[in-house]
Amino acid sequence: MTDNSATVQCDNLASNCRGLPSASRESFLAVMGRIFSLVAIITTDGPAGRYAITVNSATSASADPPIVLACINRRSPLYDAIIANGVYCLNVLAHGQEHLSDCFAGRPRDGAPFDFTAAQWSAASTGAPILTGAVASFDCALLEQHDIGTHTAFFGRVLEVREAGVVPLIYGSRLYTRPDTAA
Ligand SMILES: Cc1cc2nc3c(=O)[nH]c(=O)nc-3n(C[C@H](O)[C@H](O)[C@H](O)COP(=O)(O)O)c2cc1C
């Protein structure tokens, strides 16, 4: 087993972390980067404008009531926009939408980064863009937010769910693929 023990001390995130060792950023990123996860495009629209970025930090937080979360870097323009608009939509990508993942991660294969014309969209009841062809879309009202390290966890109360019944996209080890068990 690799020894990822600590070279730095834990930040003062909470009193129970003080003085404890911390895994290094490098070992953390190396291991997390090898773990396959879903890929989603989180969108928002409203008074602050329309924005979208690619995330793999989205997950379910609660079923009763339905709540999802996604962690967004506070340097992203989406961070301010979600707070101002008070809504977002989590669009879980389908296998075949790799180019959209790259586009909304700011590294398009062709064309301009963050270009909404690269895909087709419709408006959710909140006004947030729903991506056509996504595996699932979760239209959310912003419920709570928690700053954590460089990111903020945005908890969204799910107002509406849509599902397309298509094969999901997964990402790990810098590769896009599909789950083996997917039909
Ligand atoms: C597969 C993948 C997952 C990502 N997950 C997140 C995430 O969960 N949260 C986040 O803030 N940024 C995430 N990013 C990075 C943002 O998409 C990207 O940094 C952002 O769009 C800004 O791009 P820029 O650094 O070129 O300005 C992810 C990128 C990729 C390719």
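For every chain, the first residue of the written sequence is number 1, and numbering continues from 1 along that sequence. This being a predicted model, a pLDDT of at least 70 is required before a residue's local features are given, and a value of 80 or more before pairs of side-chain atoms are given or counted; all residues contribute to the totals for chains, interfaces and linings.

Quick word on the sheet that holds strand β12 (residues 151-163)
Alright, step 1. Whether two strands pair depends on DSSP finding at least two bridges between them. Helix and strand definitions follow DSSP, with helices as H or I runs of at least four residues and strands as E runs of at least two, each counted in order from the N terminus. On the basis of which strands lie adjacent, the open sheet formed by seven strands has the order β5-β4-β8-β11-β12-β7-β6 and antiparallel pairing. On the outer flanks of this sheet lie β5 (51-55) and β6 (59-63), each paired with one strand and no other. Averaged over neighbouring strand pairs, the angle between their axes works out to 35 degrees when direction is ignored.
Alright, step 2. In this structure, β6 lies alongside strand β7 (residues 66-73), joined through four bridges in antiparallel fashion. Looking across to β7, one finds that Ala-63 is bridged to Pro-66.
Alright, step 3. Here, residue contact means that the backbone-derived C-beta atoms of the two residues sit within 7 Å. Helix axes use the C-alpha atoms of the stretch in contact, all axes being lines fitted to C-alpha atoms, and the angles between their N-to-C directions lie in the range 0 to 180 degrees. Across the sheet, helix α2 (residues 77-85) touches β4 (40-44), β5, β7, β8 (87-92), β11 (136-148) and β12, and the angle it forms with β4 is around 50 degrees.

Some details on the nonpolar core
Alright, step 1. Each nonpolar core consists of buried Ala, Val, Leu, Ile, Met, Phe, Trp, Tyr and Cys residues. Their C-beta atoms, within 7 Å, join them into a set. Note on burial: count the other C-beta atoms lying within 10 Å of the residue's C-beta; 20 or more is buried, 12 or fewer is exposed, in between is partly exposed, and C-beta positions come from the backbone. Ranked by internal contacts, the top residues of the largest apolar core, which has 37 residues, are Ala-40, Ile-42, Ala-70, Tyr-88, Leu-90 and Leu-93.
Alright, step 2. With five residues, β8 is the largest single contributor of residues to this core.
Alright, step 3. When near neighbours in sequence (up to four residues on either side) are disregarded, Leu-93 contacts Val-39, Ala-40, Ile-41, Leu-100, Ser-101, Ala-134, Val-135 and Leu-169.

Focus: the sheet that holds strand β13 (residues 170-172)
Alright, step 1. Reading across the sheet, the three strands line up as β3-β13-β14 and stay open at both edges, with antiparallel pairing between neighbours. The sheet is open, and its two edges are formed by β3 (37-38) and β14 (175-177), each paired on a single side.

Examining the site of the ligand
Alright, step 1. Taken together, 15 residues lie around the ligand, and Val-55, Ser-57, Asn-73, Ala-105 and Gly-106 are the ones closest in.
Alright, step 2. Mapped onto the shell around the ligand, the elements with two or more residues apiece are β5 and β7.
Alright, step 3. The residue makeup of the shell around the ligand, split by class, is eight nonpolar, seven polar and no charged. Using a C-beta atom placed from the backbone, a residue is scored as near a molecule or strand whenever that atom is within 6 Å of it. Each residue gets one of three labels, nonpolar for Ala, Val, Leu, Ile, Met, Phe, Trp, Tyr, Cys and Pro, charged for Asp, Glu, Lys and Arg, and polar for the others, Gly among them.

Some remarks on the domain arrangement of the chain
Alright, step 1. Each domain's extent is set by a domain assignment, obtained either automatically or from a database. Split by domain assignment, the chain resolves into domain 1 (1-34) and domain 2 (36-177).
Alright, step 2. Placing the centre of domain 1 and that of domain 2 at their C-alpha centroids yields a distance of 28 Å.

Examining unusual backbone geometry
Alright, step 1. The omega torsion of the bond from Asp-64 to Pro-65 falls at 5 degrees, within 30 degrees of zero and hence cis.
Alright, step 2. For Pro-65, the position within the fold is in the loop between β6 and β7.
Alright, step 3. One non-glycine residue, Phe-114, adopts positive backbone phi at about 55 degrees.
Alright, step 4. Position of Phe-114 among the secondary structure elements: in the loop between α3 (98-103) and β9 (121-123).

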